[in-house]
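Descriptive analysis of the structure
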Amino acid sequence: MKLAQFLSLFMLSTPALASGVITCGDVMAVGDEASYTLHAEAQKRAQTAIEEFVGKRVVKPHVDATGSNANPETMASLIEVFWCETADTPLHSAYYRFYSSNKSVFE
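Conventions and cut-offs
- Position labels on residues start from 1 in each chain and follow its written sequence.
- For this predicted model, a pLDDT threshold of at least 70 governs which residues receive local features, and a threshold of 80 or more governs which side-chain atom pairs are given and counted, while totals over whole chains, interfaces and linings are taken from all residues.
- Each side-chain value is worked out from all heavy atoms of the structure, with water and hydrogens disregarded.
- In this analysis, rings of Phe, Tyr and Trp, with Trp reduced to its six-membered ring, are considered paired at centre separations within 6.5 Å, and the interplanar angle assigns stacked below 30 degrees, edge-to-face beyond 60, and tilted for intermediate values.
- Helix and strand assignments follow DSSP, with helices taken as H or I runs no shorter than four residues and strands as E runs no shorter than two, numbered in order from the N terminus.
- The cut-offs for exposure are 20% and 50% of the maximum accessible area for each residue type, with area from a 1.4 Å probe on protein chains only; residues under the lower value are buried, those over the upper are exposed, and the others partly exposed.
- It only takes one pair of heavy atoms within 4.5 Å for two residues to be counted as in contact.

**Re the packing of aromatic side chains**
- According to the stated counting rule, one finds three aromatic pairs in the structure shown.
- For the pair W83 and F98, a centre-to-centre distance of 5.6 Å together with 85° between the ring planes defines the contact as edge-to-face. Taken together, the residues W83 in helix α5 (residues 72–83) and F98 in helix α6 (residues 91–100) connect sequence positions 15 residues apart.
- Residue F98 is classed as buried on the basis of its relative accessible area, which comes to 5%.
- For the pair F98 and Y99, a centre-to-centre distance of 5.7 Å together with 65° between the ring planes defines the contact as edge-to-face. An identical accessibility class is assigned to F98 and Y99; each is buried.
- Aromatic ring contacts, followed pair by pair, group W83, Y95, F98 and Y99 into a single cluster.

**Brief notes about the environment of A70**
- When you line up the elements, A70 lands in the loop between α4 (32–54) and α5.
- Counting along the chain gives 10 residues from A70 to K60, while the straight-line C-alpha distance between them is 8.6 Å.
- Setting aside its immediate chain neighbours within four residues, A70 contacts H62, V63 and D64.

Right, dumping it as structure tokens:
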């Protein structure tokens, strides 16, 4: 229930509506459960966009630092540490840049 309330408040907040994106700073400022939910949405958005651009399917959407299959939480940590350049970086952009830099995630 807390997660649903948080997401409702977040989506109705002026900054979120003005920017239209969830930033890395937004995700790092919330608890783990909300963070993973926001990461999941950003990952899906980036995966859809990169698949349309490249014309190939992402077969390994969640990987660790070595490129091996991983769980979503491990991938979220990887994105936050290495691909979130600033707090203002859109989270889906961090995922998109990761996918566009790693051919091993595609079929």
